[in-house]
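Given next are the chains, with one letter for each unit.
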Amino acid sequence: LMRIDIGPLTEAEIITAYAYARDRRKRFNDSQGTSGAFVVATNASWGIDYANPEDHPLWCAVYDSLLEVGILNVAATANLSVDVDLVGDMPTGCGSFGPLSVTATDSMDLRSQAAFGLNSIDLGAPGEQLLLPTGWSSPADSSMALWTGTSFASPAVAGAVALLYGAPCPEFADQALAQPQLAALRVRDALLEGVDACPDLLDITATGGRLNLHGALSE
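Attention here is on the structure that accompanies the text. Predicted model, so just to flag it, every value in this text is computed and none were measured.

Each value, and the rule that gives it
- Residues numbered from 1 in each chain as written.
- Predicted model: local features only at pLDDT ≥ 70, side-chain atom pairs only at ≥ 80, totals over all residues.
- Heavy atoms only, no water.
- Helix = DSSP H or I, 4+ residues; strand = E, 2+ residues; numbered from the N terminus.
- Rg over C-alpha atoms; globule rule 2.2 N^0.38 Å.
- Buried < 20%, exposed > 50% of the residue type's maximum accessible area, 1.4 Å probe, protein only.
- Contact = heavy atoms within 4.5 Å.
- Areas by Shrake-Rupley, 256 points an atom, 1.4 Å probe, with all protein chains shown as cover.
- Patch = residues over 30% accessible without salt bridge, like charges linked within 9 Å, V, L, I, M, F, W, Y side chains within 5 Å.
- Salt bridge = Lys/Arg side-chain N within 4 Å of Asp/Glu carboxyl O.
- Core = buried A, V, L, I, M, F, W, Y, C linked by side-chain atoms within 4.5 Å.
- Expected span 1.5 Å × (residues − 1).
- Arc of directions from axis to C-beta.
- Disulfide = S-S within 2.5 Å.

Bringing the overall build of the protein chain into the picture now. Per the secondary structure count, the protein chain includes seven helices and 11 strands. Against the globule reference of 17 Å for 219 residues, the protein chain gives a C-alpha radius of gyration of 17 Å, in line with a compact fold. Counting only C-alpha atoms, the protein chain reaches 45 × 45 × 40 Å along its principal axes. Expressed as a percentage of its 219 residues, the buried residues of the protein chain come to 47%. A sequence separation of at least 24 residues applies to 68% of the contacts in the protein chain between residues at least 6 apart. In the structure as shown, the protein chain presents an accessible area of about 10500 Å², 58% of it carried by carbon and sulfur atoms.

A few words now on a nonpolar patch on the surface. Taken together, Tyr50, Leu86 and Val87 make up a surface patch of nonpolar side chains, about 330 Å² in accessible area. Inspection of the secondary structure assignment puts leucine 86 in helix α3 (residues 84–87). On the basis of relative accessibility, which here comes to 72%, the residue leucine 86 falls in the exposed class.

Before going further, it helps to examine the nonpolar core. In terms of nonpolar packing, the biggest core is built from 29 residues, with Val157, Tyr165, Val187 and Leu191 touching the most fellow members. Contributing elements (two or more residues each) for this core: β4 (72–76), β6 (100–105), β7 (123–126), α4 (150–165), α5 (170–178) and α6 (180–193). Excluding anything up to four places from it in sequence, leucine 191 contacts Leu100, Val157, Ala160, Val161, Leu164, Leu211 and Ala216. In this structure, Ile14, Ala21, Val39 and Val62 belong to the second largest nonpolar core, which totals 16 residues.

With 20 residues, helix α1 (residues 11–30) ought to run about 28 Å at 1.5 Å a step, and its terminal C-alpha atoms sit 28 Å apart, in line with that. Burial in α1 covers these residues: Ile14, Tyr18, Ala21, Arg25, Phe28 and Asn29. Buried residues of α1 fall within an arc of 105° about the axis and therefore sit on the same side. In α1, the exposed positions angled more than 90 degrees off the buried face are occupied by Thr16, Tyr20 and Asp30. Summarising the contacts, the buried residues of α1 are in contact with β2 (41–44), β3 (46–49), α2 (57–68), β4, α5 and α6. Glutamine 32 sits one or two residues past α1 and shows a positive phi near 55°.

Glancing now at the state of the cysteines. Formally, a disulfide is one covalent bond, and it connects the sulfur atom of one cysteine to the sulfur atom of another. All told, the structure shown has one disulfide when counted by the stated rule. The disulfide that involves cysteine 60 links it to cysteine 94, with 2.2 Å between the sulfurs. Taking the sign of the S-S torsion, -75° for the link of cysteine 60 and cysteine 94, the bridge is left-handed. Placement of cysteine 60 in helix α2 and of cysteine 94 in the loop between β5 (89–90) and β6 is noted, with a sequence separation of 34 residues between them. The pair formed by cysteine 60 and cysteine 94 is uniform in burial state, with each residue classed as buried.

Given below as structure tokens:
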């Protein structure tokens, strides 16, 4: 089960890392695409179990700042079968426009050994026994293995954000440049409204559902 603890990282270092992505997107917006980078999503497959978001106001505020320039943020919840509304978690407990918070599901659409929370966790995504490469640090390593954890569910949602931005829709492409925050919220709404309903996630996540790319594109 994987979700990386932030370990020795300080909150200032976390904020600095996010600021890099924000700066690149802001430059893109301000220059109408002639400089910077069209960053649409960040992913956090890391966090602090049992952390109280009220103790991290600056960290949580970063997500509002990123959203202002058009960046959606996604985060993996804890690999613990706990209600994070009650016990706390960072950054998935940051609130309404914090990161899209993701728990893990298996091939039967059942919640894996992962956290939940009606207020804190938005949706599920596949995160159990996924066949993935092992050679993340070595391109020459072509071996595969089965991986489990919210760290693998969360980037599926971040990838879905990018896919929606790539949809062939000129009107939306124009909005992404002219109104980046509204475009990002439109993508967020599509992801949340396009989920497949899952009884096992009902009343323990905000949407009660699991990521569905077709559903999101249809929205």
